[in-house]
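# Breakdown of the fold
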Amino acid sequence: MKPLLFVSLVMFLSLPAMAQTQSVVNSPHNLSASGGGAIRATSEQEICIFCHTPHNATPVQPLWNRNVPVSAYTVYSSSSLQASPGQPTGSSKLCLSCHDGTIALGSVVSRGQPIAMAGGMTTLPPGKSNLGTDLSDDHPISFKYDSQLVSKRPTLTQPSALPEQIKLDAKQELQCTTCHEAHDNSFGNFLVMDNTGSKLCVSCHATGTTTLTSHVQCASCHQSHSAPSGPYLLKGKTPSQTCVACHNGSTAGAANIGADLNKLSRHDTNSPADQPNHIPNDIACNDCHGSHTMKSGTASAPLVSPKLGDVAGVNSAGATVPKASYEYEVCFKCHADKARVQPMITRLAIQTNKRLQMDTGAISYHPVEAPGKNPNVPSLKPGWTVSSQMYCTDCHSSDAGKVAAGSGPDGPHGSNVAGLLVAGYETHDDTVESPSSYALCYRCHERSTVLSAQSFSQHQKHVVDQRTTCSTCHDSHGIASAQGTVINNANLINFNISIVKPDPVTGRLEYRSLGAGRGQCFLQCHGKAHSPADY
C-alpha cells in the first residue's frame, strides 16, 4: 500500500501541470510562487508542501507537514447552542495551524528552514482569515452534533438528514471541514456547497421561513468568523446595530427604525447579544422580533402581527409560551411579572404588573386581553364599540408612524412623547385642555362627547375649568382584582395621590360608584374638600 500511496501523492503534487479548475491549484490555498493570490512564496514551486509531504510527515494524517498548534483557545459560548465546545480537535486544529496566526505559513516540518514568503509575510494578515486564538466570535467547532443535541435545540437538522456534502468527523463532531473543503474553491470561501439563498446555512439551521427578501440571506445579518457581536455571530456589535445597518433609511423597502431609536422615549437600549437575564430596562430588537420568521402583512387585535415573527411571550396566566399568539403576550415578557418599568404616576393602588391590570378578572381595564366590561361608553369614535379589542401599540408606538397619521414605521421603537406614546398625554396638573393635550385619549374618545355631560357630567368642570388631567383620576391600563372593588374602581378610577389627597373631614380618599352615570368622591383636590361630593 505504501508504494501506491506514494505514487498517488506524487501525482497530487504534480497538479500544476494538470491545472484543474476545481482544485487547490487555482485557489488562494496555492501558496507556491505560482499562486495567483497576494499570499505566496518567493520561489517555492511545490503546492501541496505547505500542508502535506510524502516523507518525514508528522504522525497526523493525511501526511501532515505542519506543527499542530497548542490548545490555548477561547472557545465559542452562547445560551442558545446547547452544546459545550471544548478546545479545537481533529481537522480543525490542522486548519488553525495557518488560520490562528501563531505558526508561520512557511514553517513546515519537512524543511529545515521556513519557506520564504513574498513581501516578507510570515502569518496571514489581520482579517477574517486570521482568526487568532479567540474563537468566541467564530462559528463553534469541535462539538458533538448528534440527535441528543437536536433534541435540546430543535431548530437544528438531524445529523442523518444533512446533505452528503456536509460531513461530521469520525467522532460525529462538527469541524471546520464540515463547511469548508480546503482543496476546492468552486463556491468561494472554500465552502462545501453553494450558499446562494443560504443553502449551506439552512442545511443545519432550520430557523423557519420569512417572506422578507433581505432576511432570507443569512449573510445579511450574520458572519461566521470574527463577528463583532461574538454570540449569535451578528455583523453588528449588538442586535440593534445589526438591524439598524439596514433599517436606517438607507435600504429600499426597510423601515427607518434608526430614527425612532434616537428619540426621547425608546425601547431598544443597544444591549449586547446573548443576555438571557437582562438588567432592568435592557431590551434588544430580538426580544420582540423573530427575525428568521418575520413576514409582511397585518393582523387584527389582539392577534400578533406577522411582522413580529415567531417570538416567545408570556400569556394571560403568567406562563411562558414559546410562540406568542397575541401581541400583549410579547409585551408581557417585560411588562408583566418581571415588572421592569416603574409607573410614571404614583397611584392610590400601585401596580406595575400590566398583566394583572388588564386581566379579564380585573376590576376595570382597557380592552387589550378582552372586550371591556362597561356596556355604556358613549364617547367612542366610529370604528370602536364596547365589543372592540385594542393593541398595546394603539397607544404605545411611534409618534411619526402611520398609526399617528405620519409616514414613518409603526411600532414601539421610539417616540418623542414620554412613555413611548403615539400622541400627547399630559399628566402635569394645571394643564390647559386642548386637542393636543390629550390627543392620545381623543384618538378613540370623541372630544366633544367627553367634555359634554354624556360620559360624565363633571368632565367639563374638572378637565377644562379646573385643569385637572385625565390621569389624575383614571389609570389607563386598569385596576387589578386584588387591589380594588367594583364600587371604588369602576371606570378606571385610581387617583394620582401626588395631586389628590384624603378628605380632611372624613380622612377618606376614595371614589364610590352609585350606578350608571352616578358617583361619589371623598377627597381633597386643588384645595377643595369633597366630603363627599355627589355626581
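What counts as what
- Residues numbered from 1 in each chain as written.
- Predicted model: local features only at pLDDT ≥ 70, side-chain atom pairs only at ≥ 80, totals over all residues.
- Heavy atoms only, no water.
- Helix = DSSP H or I, 4+ residues; strand = E, 2+ residues; numbered from the N terminus.
- Rg over C-alpha atoms; globule rule 2.2 N^0.38 Å.
- Buried < 20%, exposed > 50% of the residue type's maximum accessible area, 1.4 Å probe, protein only.
- Contact = heavy atoms within 4.5 Å.
- Areas by Shrake-Rupley, 256 points an atom, 1.4 Å probe, with all protein chains shown as cover.
- Lys, Arg positive; Asp, Glu negative; His and termini not counted.
- Charge placed at Lys NZ, Arg CZ, Asp CG, Glu CD.
- Pairing = 2+ DSSP bridges.
- Phe/Tyr/Trp six-rings, centres within 6.5 Å; stacked < 30°, edge-to-face > 60°.
- Lys NZ or Arg CZ within 6 Å of the ring centre and 35° of its normal.
- Axes fitted to C-alpha atoms, helices over the stretch in contact; angles between N-to-C directions.
- pLDDT = per-residue confidence, 0-100.
- Polar contact = N/O pair within 3.5 Å; in protein donor to acceptor, adjacent residues only side chain to side chain.
- Salt bridge = Lys/Arg side-chain N within 4 Å of Asp/Glu carboxyl O.

### Re the overall build of the chain
When its secondary structure is counted, the chain shows 15 helices and eleven strands. Relative to the globule expectation of 24 Å for 535 residues, the C-alpha radius of gyration of the chain, 33 Å, shows a markedly less compact shape. Reported as C-alpha extents along the three principal axes, the dimensions of the chain are approximately 110 × 40 × 35 Å. In the chain, buried positions account for 41% of the 535 residues. Nonlocal contacts in the chain, meaning residues at least 24 apart in sequence, comprise 51% of its contacts between residues at least 6 apart. Element-wise, carbon and sulfur atoms account for 56% of the exposed surface of the chain, whose accessible area totals about 26700 Å². Taking the average location of the 37 positive side-chain charges in the chain and that of its 37 negative ones, the two points are 1 Å from each other.

### Quick look at the pairing of strand β10 (residues 519-525)
Two faces, one strand: in a regular strand the side chains alternate between the faces of the sheet. Most of β10 sits inside the fold, with six of its seven residues counted as buried. Relative to β10, strand β9 (residues 510-513) is paired through four bridges, and the arrangement is antiparallel. Looking at β10, one finds that tyrosine 511 is bridged to cysteine 521. In this antiparallel pair of consecutive strands, β9 and β10, the connection spans five residues, and glycine 515 shows a positive phi of 115 degrees. Looking at chain direction, β10 and strand β11 (residues 528-534) are connected through five bridges and run antiparallel. By the bridge assignment, glutamine 524 is partnered in β11 with alanine 529.

### A short note on the packing of aromatic side chains
Any aromatic ring pair is given by two values, namely how distant the centres are and how the planes are angled relative to each other. What the rule picks out here adds up to four aromatic pairs. Measuring from centroid to centroid gives 5.4 Å for tyrosine 328 and phenylalanine 332, while their planes differ by 50 degrees, and the two rings are tilted. Linking tyrosine 328 with phenylalanine 332, this pair stays in helix α10 (residues 327-335), spanning four residues, or about one helical turn. Grouped by ring-pair contacts, the aromatic residues Tyr326, Tyr328 and Phe332 constitute a single cluster. Positioned above the aromatic ring of phenylalanine 522, the side-chain terminus of arginine 508 is 3.6 Å from the ring centre.

### A short note on the sheet that holds β9
Judged by pairing direction, the sheet is antiparallel, and its three strands sit side by side in the order β9-β10-β11 without closing on themselves. Two strands lie at the open edges of the sheet, namely β9 and β11, each paired on one side alone. Direction aside, the axes of adjacent strands within the sheet are offset by 10 degrees on average.

### Quick word on the confidence of the model for the chain
On average, residues of the chain carry a pLDDT of 92, and 94% of them reach 70 or more. Within the model, pLDDT remains below 50 along residues 1-21, and this stretch shows 18 contacts once partners closer than five positions in the same chain are excluded.

### Quick look at the side chain of serine 265
By the element assignment, serine 265 lies in strand β3 (residues 265-266). At 2.9 Å, the side chain of serine 265 and the backbone nitrogen of leucine 420 are in polar contact. Not counting chain neighbours up to four residues away, the residues in contact with serine 265 comprise Gly414, Ser415, Val417, Ala418, Gly419 and Leu420.

### Overview of the environment of tyrosine 391
On the secondary structure map, tyrosine 391 appears in the loop between β6 (364-365) and β7 (414-415). C-alpha separation for the pair tyrosine 391 and glycine 361, spaced 30 residues apart in sequence, amounts to 18 Å. Setting aside residues no more than four positions away along its own chain, tyrosine 391 makes contact with Ala299, Ser300, Ala301, Pro302, Leu303 and Glu327. Of note is the side chain of tyrosine 391, whose polar atom sits 3.1 Å from the backbone oxygen of serine 300. For tyrosine 391, the side chain forms a polar contact with the main-chain nitrogen of alanine 301, separated by 3.3 Å.

### As for helix α3 (residues 90-99)
All buried positions along α3 are accounted for by Ser92, Lys93, Leu94, Leu96, Ser97 and Cys98. Along its buried surface, α3 packs onto α5 (176-179).

### A few points about the environment of serine 250
Inspection of the secondary structure puts serine 250 in the loop between α8 (239-244) and α9 (257-260). Assessed through its relative accessible area of 55%, serine 250 is described here as exposed. Separated by 2.4 Å, the side chains of serine 250 and asparagine 248 make a polar contact.

### As for the pattern of salt bridges
Taken as a whole and assessed by the stated rule, the structure comprises ten salt bridges. Lysine 323 is paired through a salt bridge with aspartate 310; the nearest N and O atoms lie 3.5 Å apart. Here the residue lysine 323 occupies a position in the loop between β5 (320-321) and α10, and aspartate 310 occupies one in the loop between β3 and β4 (313-314), the gap between them amounting to 13 residues. Given the relative accessible area of 39%, aspartate 310 is considered partly exposed. Between arginine 508 and glutamate 510 there is a salt bridge, with its nearest N and O atoms 2.7 Å apart. What emerges from the salt-bridge pattern is a single network uniting Glu44, Glu46 and Arg111.

### Digging into the environment of leucine 261
Counting through the fold element by element, leucine 261 comes out in the loop between α9 and β3. The class of leucine 261 is buried, set by a relative accessible area of 12%. Separated by 86 residues in sequence, leucine 261 and arginine 347 have C-alpha atoms that sit 29 Å apart. With sequence-adjacent residues up to four places away left out, leucine 261 is seen in contact with Val244, Arg266, Asp268 and His413.

### A look at the side chain of arginine 355
Its place among the elements puts arginine 355 in helix α11 (residues 354-357). Among the polar contacts made by the side chain of arginine 355, one reaches the main-chain carbonyl oxygen of serine 316 at a distance of 3.0 Å. Among all residues touching arginine 355, those that are not within four sequence positions of it are Asn315, Ser316, Ala317, Gly318, Phe332, His335, Ala336, Asp337 and Glu369.

### Considerations on unusual backbone geometry
The omega torsion across alanine 301 and proline 302 is 5 degrees, close enough to zero to call that bond cis. When you line up the elements, proline 302 lands in the loop between β3 and β4. Cis geometry marks the peptide bond from serine 531 to proline 532; its omega dihedral reads 5 degrees. Note on placement: proline 532 falls in strand β11. The phi dihedral of serine 198 is positive, around 60 degrees, even though this residue is not glycine. By the element assignment, serine 198 lies in the loop between α5 and α6 (199-204). For serine 198, a relative accessible area of 0% gives the class buried.

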